Amino acid sequence: SLEIRPGDLLMSRACGSAELVGSVGLVKNCRRFLMLCDKLFRLLVNKNRVSSEFLELALKSRSTREQIEQNLGGAEGLARNIGQGVIKELIVCVPPPPEQDTIVEHIVKTAAKNYETLKRCRDGIMRLQEYRTALISAAVTGQIDVREEVGVA
């Protein structure tokens, strides 16, 4: 009963970092005999009312995060945690299943586009940094004359 299986929705219930308490993930695949840690909740999902994919995204939303942060237990600087009662009382909007599928599809597509844009930006920054390094090296070794550009004759 403690074995993690594909399709499980897991939530962190305790962590030294308050930002990670309540983080959630949907298990896509995993090795056999991987056991559920005592610092995780396995969320049982009523598949007739809500898809695991939609619930994962809803639990990652800003409004859910605020609810979790308001109910964190444990002292600042120590392990923070949330109880089952807090999770059971979270308010999450659940539209009809067809609308959930549309929302999930839209978010997945948008996230993929954003990831590609971010990747292109990082690649561009890396190329600019390499160019900057090469330009400085060429100026220092005298391969290019920069005296005119800086006003030195």
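Presented here is a report on the structure given in the accompanying data block. (Residues numbered from 1 in each chain as written. Predicted model: local features only at pLDDT ≥ 70, side-chain atom pairs only at ≥ 80, totals over all residues. Heavy atoms only, no water.)

### Side note on the nonpolar core
Put simply, the test is: Working definition of a nonpolar core: buried Ala, Val, Leu, Ile, Met, Phe, Trp, Tyr and Cys residues. They are joined through side-chain atoms within 4.5 Å. Note on classification: 1.4 Å probe, protein chains only; a residue is buried when its accessible area is under 20% of the maximum for its type, exposed when over 50%, partly exposed between these limits. Starting at the N terminus, helices and strands are each numbered in turn, a helix being any DSSP run of H or I of at least four residues and a strand any DSSP run of E of at least two. The contact definition used throughout considers only heavy atoms, calling two residues in contact when any of these lie within 4.5 Å.
In terms of nonpolar packing, the biggest core is built from 21 residues, with Leu9, Met11, Leu43, Leu59, Ile82 and Ile87 touching the most fellow members. At the level of elements, β1 (9–12), β3 (24–26), β4 (40–43), α1 (52–59) and α3 (84–88) are the ones that each hand at least two residues to this core. Counting residues per element, this core draws most heavily on α1, which supplies four residues. Excluding residues within four positions of it along the chain, Ile87 makes contact with Met11, Phe41, Leu43 and Ile82.

### Re the sheet that holds β3
For sheets, the rule is that strands pair by backbone hydrogen bonds, running either parallel or antiparallel. Defined as follows: Criterion used throughout: strands pair if DSSP finds at least two bridges between them. Note on definitions: angles span 0 to 180 degrees between N-to-C directions of axes, and those axes are lines fitted to C-alpha atoms, for helices only across the stretch in contact.
Reading across from one edge, β3-β1-β4 is the order of the three strands in this open sheet, with antiparallel pairing throughout. Of all strands in the sheet, those bounded by a partner on one side alone are β3 and β4. Put simply, the sheet's adjacent strands are angled 25 degrees from each other on average, direction ignored. Relative to β3, β1 is paired through three bridges, and the arrangement is antiparallel. What sits directly across from Leu10, in β3, is Gly25. Packed onto the sheet, α1 meets β1, β3 and β4 and runs at close to 160 degrees relative to β3.

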